[in-house]
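Examination of the molecular architecture
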Amino acid sequence: MTCVTKHEPKNSLRVEDKKKCSVRVSIKIKQADDLERILCHKFSRFLMMRAENFVILRRKAIEGYDISFLITNTHTEQMYKHKLVDFIVHFMEEVDKEISEMKLSVNTRARTVAESYLVQSIFHA
């Protein structure tokens, strides 16, 4: 059974019941422009390279999604189910916040570089 929830056209969540002993949760992160697409790709790759530290994070997301989690029967036996759900919800909120902060940081740095370039070109003209 597969359930897909779309918050916005560019933000969705897919929950798949796999073989009655695991659930795969895939997340498509909101990407409004090219900069957000680049930041999302880099951030997702960074996290997936460290998947073993997150236990339920998969190394490769399914096609069309940015991040996937695999929650097995063993995970639900070892962890509280409501804490797993809380973790995924909190993770989604934090990823959105982190990408927004990175975008602001990149734009601030770009503005500073542009101002510096303009000042140098005015004084050297």
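Residues numbered from 1 in each chain as written. Predicted model: local features only at pLDDT ≥ 70, side-chain atom pairs only at ≥ 80, totals over all residues. Heavy atoms only, no water.

To continue, consider the overall build of the protein. From N to C terminus, the protein includes 3 helices and 4 strands. Listing each helix as α and each strand as β along the protein from the N terminus yields β-β-β-α-β-α-α. Here the C-alpha radius of gyration of the protein, 19 Å, is well above what a compact globule of 125 residues would show, namely 14 Å. In terms of overall dimensions, the protein has a C-alpha envelope of 70 × 30 × 20 Å along the principal axes. Every one of the 125 residues in the protein was classed for burial, and the buried ones make up 28%. Taking contacts inside the protein between residues at least 6 apart in sequence as the whole, the part at least 24 apart equals 45%. Averaging the coordinates of the 22 positive side-chain charges in the protein and doing the same for the 17 negative ones gives two points 6 Å apart. (Helix = DSSP H or I, 4+ residues; strand = E, 2+ residues; numbered from the N terminus. Rg over C-alpha atoms; globule rule 2.2 N^0.38 Å. Buried < 20%, exposed > 50% of the residue type's maximum accessible area, 1.4 Å probe, protein only. Contact = heavy atoms within 4.5 Å. Lys, Arg positive; Asp, Glu negative; His and termini not counted. Charge placed at Lys NZ, Arg CZ, Asp CG, Glu CD.)

Before going further, it helps to examine helix α1 (residues 34-49). With 16 residues, α1 ought to run about 22 Å at 1.5 Å a step, and its terminal C-alpha atoms sit 23 Å apart, in line with that. Considered for burial, the residues of α1 that qualify are Glu36, Leu39, Cys40, Phe43, Ser44, Leu47 and Met48. Buried residues in α1, looked at end-on, bunch into an arc of 155 degrees, giving them a common side. Set apart from the buried face of α1 by more than 90 degrees, the exposed residues are Asp34 and Met49. Contacts from the buried residues of α1 go to β4 (67-72) and α3 (81-123). Measuring from the backbone nitrogen of Leu35 back to the side-chain oxygen at the start of α1 gives 3.4 Å, which picks out Asp33 as the cap. (Expected span 1.5 Å × (residues − 1). Arc of directions from axis to C-beta. Polar contact = N/O pair within 3.5 Å; in protein donor to acceptor, adjacent residues only side chain to side chain.)

The quantities given are spatial measurements derived from coordinates; they are silent on function.
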